Amino acid sequence: QLTGHDPTELDVTRALRDLGRRPVLLIQAGVEDRFSRRQVSALEAASGPGVDPWLIADAGHNGGWLVHRRDYETRVRAFLAPVFWGAGAAPPERPA
C-alpha cells in the first residue's frame, strides 16, 4: 500500500532475465516453507551465466545468517566486493 505497487504483479524471472549477464547471488534455504526448489531453479535459469547459487541445507527462510553467520557474511561480502571496491578486489577485513 505504501508504494502503490502490487507485489503479486512482480515477475521476478523476467526481472532477472533483464539483468543480462550481471552477477546474481541466489541464497536458497534447504528448510524452506516459502519457495520450492523448482521455483529457485527457474530463478537460476533466468539469471543466466552470472548466477552464483548457494543452498544452505540446514536453514529456514531468512535463517542462513543465523545458522552460518561467518560463511554468510564472507560469501555476501565477496559477492559485493567488485561493486564497492573494483574488479578483482577483496572486501576489507572484517573487524574482530
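Residues numbered from 1 in each chain as written. Predicted model: local features only at pLDDT ≥ 70, side-chain atom pairs only at ≥ 80, totals over all residues. Heavy atoms only, no water.

Thoughts on the overall build of the protein chain
In terms of helices and strands, the protein chain carries 4 helices and 2 strands. Listing each helix as α and each strand as β along the protein chain from the N terminus yields α-β-α-β-α-α. Expressed as lengths along the three principal axes of its C-alpha atoms, the size of the protein chain is roughly 40 × 30 × 30 Å. The positive charge centre, built from 12 side chains, and the negative charge centre, built from 12, are 4 Å apart in the protein chain. (Helix = DSSP H or I, 4+ residues; strand = E, 2+ residues; numbered from the N terminus. Lys, Arg positive; Asp, Glu negative; His and termini not counted. Charge placed at Lys NZ, Arg CZ, Asp CG, Glu CD.)

Concerning the environment of Arg69
Relative to the helices and strands, Arg69 is located in helix H4 (residues 69-85). The exposure class assigned to Arg69 is partly exposed, which follows from its relative accessible area of 42%. Counting along the chain gives 43 residues from Arg69 to Leu26, while the straight-line C-alpha distance between them is 16 Å. (Buried < 20%, exposed > 50% of the residue type's maximum accessible area, 1.4 Å probe, protein only.)

Observations regarding the environment of Val67
Turning to its location among the elements, Val67 is positioned in helix H3 (residues 64-67). Residue Val67 is classed as partly exposed on the basis of its relative accessible area of 41%. In contact with Val67, not counting residues within four places along its chain, are Asp58 and Ala59. (Contact = heavy atoms within 4.5 Å.)

Thoughts on the pairing of strand E2 (residues 51-60)
Relative to E2, strand E1 (residues 24-31) runs parallel, the two sharing 7 bridges. Of the residues in E2, the one forming a bridge with Gln28 is Leu55. Crossover handedness for the path E1 to helix H2 (residues 37-47) to E2: right-handed. (Pairing = 2+ DSSP bridges. Right-handed = clockwise from strand over helix to strand, strands pointing away.)

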